[in-house]
Amino acid sequence: MAKKTILRVWKGWLSPLWQHSLRSIRIPAFLLLAFSYHSPLISLELRILHVNDTHSHFDGEELSAGIRSGGASLLYSAIAESRSQKPNSLFLHAGDMFQGSPYFFISRGADTVELWNQMGLDAAVPGNHEFDLGAEAFENTYLRAARFPVLASNVRLLSVAIPSSRVFVFGQEKVGVVGILTETTSRISAAGKNLVIESEHTAALREIRALERQGVSNIILLSHAGLERDRQLARTLPGVDIIVGGHSHTPMGLPVSLHGSSFLEYPELLSNADGDPVVIVQAWQNMAALGILDVTVDGTLKRAVGRVCLLVDAKQKLPDSFSKEACVLRPQPDSAIEQWLIPRREALKTWGSKTLAALPPGVREDRLQTGYWVAASMAQATGAHIAIMNAGGVRESLKSGSINHRDIYSVLPFGNALVTIDLTGEDLSRFIETGLLFARYRNQSDIFYMHGIELAPDCVSRSFCSPKSIILLKNGMREALDPESTYRIVVNSFMASGGDGYVVSPNASVRSTDILDRDAFAAYLGMLFPPPETE
């Protein structure tokens, strides 16, 4: 592959990426790459439109600024307008269409796939949540129903083959898109032995070499592995030019005021194993934003410029400061998508109003109490004696009165599967310790919610936990963990895959269940505080 030398990288204002029919939008380019080159290939100018971790949020997301952004109707219009400005374009989804909203629960994923069939996707990689209902549901509800290419080079189902890549031809230039899924899915999904996942690096390298033998020298890695893993792959894989990522819900290019995390540039520039430039992009979450990346390639990456843009209805008023901080597109809702959504919104109202439990008077809005109920429900649902729920997984607290599906979703919006892990006392103390260290690193006051154990004060204050500092609560008795004994704990799939810094011993026995945390929580509350019989 021809080598490129970076001439310059700068920030500045460029001409608009595209001009919406209602208003002209000037998008500040925040990375422009220019490279000297020696390749005889013809340059291709390509627009890459991308989303990730959309999680069945058909109506988008309510932002912290009190403004709703995104949703299927606005996204469809924004995609159509953008493609009309740049005919050479690809629309890619970097995984996790499933879970995350009641829309998914009501149709068990069928409506989610039907919606994306209408959106004009050129390719998608499955996310780990696409396997939450098991291998059979993944095959029938997602893979066979999808009218867009589903790509995953490192995934093998025993019952059906999944393509590794897809080649797109633009004039005389070819662009290969290779899919990869986080290899942790084999440990945390409900697909069980029907799902085989190999190393992301091994599979991607094999597919890149196969594409190069076919004369494809422009490579996009469509990855659901998370930003940190994407950075590792970018540096160690040859031949890759662009990584369109997901899994970590990274708000690249968006102002800190919206998400509270550190600001990350879009796109992020690195060098691949050949020493050639490679860029990484992500577009946040929940169908709230659209990534727009314009590139020039001719066998290697010559130029990359773009932004992640929020999608706000043209009729919605915005404060001047909001538009100055963020890239905001103002499309009109698409009428056909709006019509499709009407019966689904009605079904959502009916479903959300059903009473599942009735909390007695005197129950205060206490996140700690709600978190304890969540942890207790996890233990009851799986038979594990110890349950640990990460603090960030519990988003709201409950109070006295009727509890319906919407309340359950407000507390547990992510819909993670429950995962049981068999750990020795020593390994359990290390597992807890890694979570405490991560919380301290992030300056988090809340650590996690637990059932069946309590921690000695020195364990929390110093983030150093020996088995003796973890007290097992059983049958009214209190005793320290035995370092050699084995204990069954239950966590959610996010924690089991390393979320919030938790590290599972490689010697542990890990088993994913087909039980979602919010289903367990609803059942537990209904048992503890049953609703009136008339409901």
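Predicted model only: the values in this text are computed from it and were never measured. (Residues numbered from 1 in each chain as written. Predicted model: local features only at pLDDT ≥ 70, side-chain atom pairs only at ≥ 80, totals over all residues. Heavy atoms only, no water.)

**Student:** I keep staring at the overall build of the chain and nothing clicks. Help me out?
**Tutor:** Within the chain one finds 16 helices and 28 strands. Relative to its length of 535 residues, the chain is compact, with a C-alpha radius of gyration of 24 Å against a globular reference of 24 Å. Judged by the C-alpha coordinates and their principal axes, the chain covers about 75 × 50 × 45 Å. When the 535 residues of the chain are sorted by exposure, 57% land in the buried category. The long-range share in the chain, meaning contacts at least 24 apart out of those at least 6 apart in sequence, stands at 75%. With the model as given, the accessible surface of the chain reaches about 21,600 Å², and the carbon-plus-sulfur share is 50%. (Helix = DSSP H or I, 4+ residues; strand = E, 2+ residues; numbered from the N terminus. Rg over C-alpha atoms; globule rule 2.2 N^0.38 Å. Buried < 20%, exposed > 50% of the residue type's maximum accessible area, 1.4 Å probe, protein only. Contact = heavy atoms within 4.5 Å. Areas by Shrake-Rupley, 256 points an atom, 1.4 Å probe, with all protein chains shown as cover.)

**Student:** In this structure, what is going on with the sheet that holds strand 22 (residues 417–424)? I would like to understand it.
**Tutor:** Strands belonging to one sheet form pairs held by backbone hydrogen bonds; the direction of such a pair is parallel or antiparallel. The strand order across the open sheet formed by 5 strands is 23-20-27-22-28, and the pairing between neighbours is mixed. Lying at the two open borders of the sheet, with one neighbouring strand each, are strand 23 (448–451) and strand 28 (509–516). For this sheet, the mean inter-axis angle between neighbouring strands, taken without regard to orientation, is 25 degrees. Here 7 bridges tie strand 22 to strand 27 (residues 486–492), and the two strands are oriented antiparallel to one another. In the strand pairing of strand 27, Thr 420 is matched with Val 490. The sheet strands contacting helix 11 (residues 367–382) are strand 20 (386–390), strand 22, strand 23, strand 27 and strand 28, and the helix crosses strand 23 at an angle near 50 degrees. Sitting on the sheet, helix 13 (residues 425–441) is in contact with strand 20, strand 22, strand 23 and strand 27, with an inclination near 125 degrees to strand 22. (Pairing = 2+ DSSP bridges. Axes fitted to C-alpha atoms, helices over the stretch in contact; angles between N-to-C directions.)

**Student:** Can you walk me through the sheet that holds strand 24 (residues 453–455) in this structure?
**Tutor:** Here 3 strands make up an open sheet; going across it, the order is 24-25-26 and the pairing antiparallel. Each having just a single partner strand, strand 24 and strand 26 (477–480) make up the two edges of the open sheet. Averaged over all neighbouring strand pairs, the angle between strand axes comes to 30 degrees, with direction disregarded. The sheet contact formed by strand 25 (residues 470–474) and strand 26 spans 4 bridges and is antiparallel. Note on strand 26: the bridge partner recorded for Leu 472 is Glu 479.

**Student:** How do you make sense of the nonpolar core when you look at a structure like this?
**Tutor:** Nonpolar side chains tend toward joint burial in soluble globular proteins. Counting 49 residues, the largest nonpolar core has Leu 75, Phe 91, Trp 116, Tyr 142, Phe 148 and Leu 290 as its most contacted members. Residues Ala 94, Leu 151, Ala 288 and Val 297 belong to the second largest nonpolar core, which totals 41 residues. (Core = buried A, V, L, I, M, F, W, Y, C linked by side-chain atoms within 4.5 Å.)

**Student:** Would you explain the environment of Leu 428 in this entry?
**Tutor:** Along the chain, Leu 428 turns up in helix 13. Given a relative accessible area of 0%, Leu 428 falls into the buried group. Along the chain, Leu 428 and Ile 180 lie 248 residues apart, while their C-alpha atoms are 31 Å from each other. Not counting the four nearest positions on each side in its chain, Leu 428 is found in contact with Ile 386, Ile 388, Leu 423, Leu 481 and Ile 489.

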